[in-house]
Amino acid sequence: MVEIRCKGCGRLLGYFEGSGRIKCQRAGCGAVNEFDTASMQYAPAARKAASMRNRATSSGVTLC
């Protein structure tokens, strides 16, 4: 069994053996993590883009 962590936020997703695809359940992350424990290959996470409502400028102004 191999520990699988999200490549986007580092959250522990579980202990698995084999290959698969796991979506991170953390709010704001939602990265899809692909893994194959037999060849020890872990694909980089595809990060979900934040909506403009969640972004702010350096002066603190929230975009609409």
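- An unreviewed UniProt entry lists the protein chain under the name Com family DNA-binding transcriptional regulator, with Candidatus Acetatifactor stercoripullorum as the source organism.

**Quick word on a nonpolar patch on the surface**
Phase 1: On the surface, Met 1, Leu 12 and Tyr 15 cluster together into a nonpolar patch covering about 350 Å² of accessible area.
Phase 2: Secondary-structure assignment places Met 1 in the segment before strand 1 (2-5).
Phase 3: What makes Met 1 exposed here is its relative accessible area of 69%.

**Here we look at the pairing of strand 1**
Phase 1: Every second residue of strand 1 is oriented toward a common face, the buried set being Val 2 and Ile 4 and the non-buried set Glu 3 and Arg 5.
Phase 2: Where strand 1 meets strand 2 (residues 12-16), four bridges bridge the pair, whose relative direction is antiparallel. Across the sheet, residue Ile 4 finds its bridge partner in strand 2, namely Gly 14.
Phase 3: The hairpin turn running from strand 1 into strand 2, its antiparallel successor, is six residues long, and Gly 10 in that turn takes a positive phi close to 85°.

Rules and cut-offs
Residues numbered from 1 in each chain as written. Predicted model: local features only at pLDDT ≥ 70, side-chain atom pairs only at ≥ 80, totals over all residues. Heavy atoms only, no water. Patch = residues over 30% accessible without salt bridge, like charges linked within 9 Å, V, L, I, M, F, W, Y side chains within 5 Å. Areas by Shrake-Rupley, 256 points an atom, 1.4 Å probe, with all protein chains shown as cover. Salt bridge = Lys/Arg side-chain N within 4 Å of Asp/Glu carboxyl O. Helix = DSSP H or I, 4+ residues; strand = E, 2+ residues; numbered from the N terminus. Buried < 20%, exposed > 50% of the residue type's maximum accessible area, 1.4 Å probe, protein only. Pairing = 2+ DSSP bridges.

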